[in-house]
Amino acid sequence: MEEKTIFKRIIDKEIPSNIVYEDELCLAFHDVSPQAPVHVLVIPKTTKLRSLDDVTEDDVQLIGHIFAVIREVARQLGIADGGYRVVSNCGEHACQTVPHLHFHLIGGRDFTWPPG
Ligand code: 5GP
């Protein structure tokens, strides 16, 4: 059996996290190393999606739900008016470090483009 990722351990409440939203499909919690005043990770509870590159038509409903949750969490944390960024690092070149699909919701400051 594959070893649990850190995110699966957070989902299973084996390690603590600062949760801002949870339902049967997904979980949102503050990043342990925030890159902005607000930095939340929104993740599906399923472990079958290791990155965006695993997403197929079968996951359309789940991914749509996650984006609706991201919108709600942005409002809940007060960053919707100023604008925010949603990032999903996919694979080695994009610096993905945890092999469990996740979306970074970051806001509360100005960002630059292009990203580093
Ligand atoms: P990635 O680099 O894969 O796109 O993002 C992984 C994110 O997970 C990083 O921003 C990192 O700070 C965060 N992270 C890693 N371990 C933990 C943890 O144990 N708890 C929380 N809350 N965030 C974590």
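Scroll up to find the structure.
Residues numbered from 1 in each chain as written. Predicted model: local features only at pLDDT ≥ 70, side-chain atom pairs only at ≥ 80, totals over all residues. Heavy atoms only, no water.

### Describing the environment of Val87
Examined against the element boundaries, Val87 turns out to sit in strand 4 (residues 84–87). The spatial distance from the C-alpha of Val87 to the C-alpha of Pro16 is 23 Å, given a sequence separation of 71 residues. Non-local contacts of Val87, meaning those with residues more than four positions away in its chain, are made with His102, Phe103, His104 and Ile106. (Helix = DSSP H or I, 4+ residues; strand = E, 2+ residues; numbered from the N terminus. Contact = heavy atoms within 4.5 Å.)

### Looking at the site of the ligand
By nearness alone, 16 residues border the ligand, and Asp31, Asn89, Thr97, His102 and His104 come closest of all. Separating an oxygen atom of the ligand from a backbone N or O atom of Val98 is a distance of 3.1 Å. Surface burial for the ligand is 81%, taken as the share of its 520 Å² of free accessible area covered by protein chains. Listing elements by their share of the shell around the ligand, those giving two or more residues are helix 1 (6–11) and strand 2 (26–30). Examining the composition of the shell around the ligand, we find that 3 residues originate from one element, helix 1, more than from any other. Split by residue class, the shell around the ligand holds 8 nonpolar, 7 polar and 1 charged. (Near = heavy atom within 4 Å. Polar contact = N/O pair within 3.5 Å; in protein donor to acceptor, adjacent residues only side chain to side chain. Areas by Shrake-Rupley, 256 points an atom, 1.4 Å probe, with all protein chains shown as cover. Nonpolar A, V, L, I, M, F, W, Y, C, P; charged D, E, K, R; others polar.)

### Digging into the sheet that holds strand 4
The strand order across the open sheet formed by 5 strands is 1-2-3-5-4, and the pairing between neighbours is antiparallel. The sheet terminates laterally at strand 1 (19–22) and strand 4, the two strands that pair on one side only. This sheet shows a mean twist of 15 degrees between the axes of neighbouring strands, independent of strand direction. By the bridge criterion, 5 bridges tie strand 3 (residues 38–44) to strand 5 (residues 103–107) in an arrangement that is antiparallel. Directly across from Val38, in strand 5, lies its bridge partner Gly107. (Pairing = 2+ DSSP bridges. Axes fitted to C-alpha atoms, helices over the stretch in contact; angles between N-to-C directions.)

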